[in-house]
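Below, each chain spelled out in residue letters.
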Amino acid sequence: MTKKIKAISVDKFREFEESLSRDGKVVKYKVIYPDSDKNSPHATLSNGFGYYMVFKSIGWRTEEFLLERISDLAKNDELYRNHGRFEVKIKIIDVKY
């Protein structure tokens with residue numbers, strides 16, 4: 001049995017847009033995730049090296065997460081995933097076939 005981990009609250013965010021495709025389906029999406037913050041009480045966010053080590057993989061991990069669900073994705077869907085105890089929000093902007 002897996003324990004549910006409570007996500008850490010964050011005040012500053014960073015975002016990027018990307019797209020991926022598989023079997024003729026193209027998905028454009030936006031990712032919103034915690035930004036580094038020197039004033040944060042969380043060491044991962046306040047330490048540059050710690051932030052880098054946790055969030056350097058955000059791009060490919062998000063892509064893997066979406067590829068597992070690509071057949072179910074639709075425009076305006078919002079998905080959430082856990083990344084190092086931080087919540088990552090994924091908004092599907094567009095889906096084309």
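Above this text you will find the structure in question.
Presented here is a report on the structure given in the accompanying data block. (Residues numbered from 1 in each chain as written. Predicted model: local features only at pLDDT ≥ 70, side-chain atom pairs only at ≥ 80, totals over all residues. Heavy atoms only, no water.)

What follows is about the side chain of Arg81. Within the secondary structure, Arg81 sits in strand 3 (residues 78-83). Buried within the structure, Arg81 lacks any salt-bridge partner; Glu64 is the closest side chain of opposite charge, at an N-O distance of 8.1 Å. Within the structure, Arg81 has its side chain in polar contact with the side chain of His83 (distance 3.2 Å). With sequence-adjacent residues up to four places away left out, Arg81 is seen in contact with Ile58, Arg61, Thr62, Phe65, Phe86, Glu87, Val88 and Ile90. (Helix = DSSP H or I, 4+ residues; strand = E, 2+ residues; numbered from the N terminus. Buried < 20%, exposed > 50% of the residue type's maximum accessible area, 1.4 Å probe, protein only. Lys, Arg positive; Asp, Glu negative; His and termini not counted. Salt bridge = Lys/Arg side-chain N within 4 Å of Asp/Glu carboxyl O. Polar contact = N/O pair within 3.5 Å; in protein donor to acceptor, adjacent residues only side chain to side chain. Contact = heavy atoms within 4.5 Å.)

Along the chain, Asp35 turns up in the loop between strand 2 (25-34) and helix 1 (43-46). A polar contact of 2.8 Å, which involves the side chain of Asp35, links it to the side chain of Arg14. Residues contacting Asp35, with those up to four places away along its chain left out, are Lys12, Phe13, Arg14, Leu45 and Tyr51.

Taken together, the side chains of Phe49, Tyr52 and Met53 make up a nonpolar region of the molecular surface, amounting to roughly 350 Å² of accessible area. Examined against the element boundaries, Met53 turns out to sit in helix 2 (residues 48-55). Its relative accessible area of 39% is what places Met53 among the partly exposed residues. (Patch = residues over 30% accessible without salt bridge, like charges linked within 9 Å, V, L, I, M, F, W, Y side chains within 5 Å. Areas by Shrake-Rupley, 256 points an atom, 1.4 Å probe, with all protein chains shown as cover.)

Our focus in this paragraph is the pattern of salt bridges. Under the definition given, this model contains 6 salt bridges. Its salt-bridge partner being Lys28, residue Glu17 comes within 3.8 Å of it at the nearest N-O pair. Taken together, the positions of Glu17 in strand 1 (residues 13-22) and Lys28 in strand 2 put the pair 11 residues apart, joining distant regions of the chain. Given the relative accessible area of 44%, Glu17 is considered partly exposed. Assessed through its relative accessible area of 38%, Lys28 is described here as partly exposed. The salt bridge involving Asp94 is made with Lys96; its shortest N-O contact spans 3.9 Å. For Asp94, a relative accessible area of 22% gives the class partly exposed.

Tallied over the entire structure, the rule returns 4 aromatic pairs. Where Phe16 meets Tyr33, the ring centres are 6.0 Å apart and the plane angle is 70°; that geometry is what we call edge-to-face. Residue Phe16 is located in strand 1, and its partner Tyr33 is located in strand 2; the two are separated by 17 residues in the primary sequence. With relative accessibility at 22%, the residue Phe16 sits in the partly exposed group. Note on Phe55 and Phe86: the rings are 5.6 Å apart at their centroids and 55° apart in plane angle, and the pair reads as tilted. Placement of the pair is Phe55 in helix 2 and Phe86 in strand 4 (residues 86-96), with a sequence separation of 31 residues. (Phe/Tyr/Trp six-rings, centres within 6.5 Å; stacked < 30°, edge-to-face > 60°.)

Remember, this is a structural readout, not a statement about activity or role.
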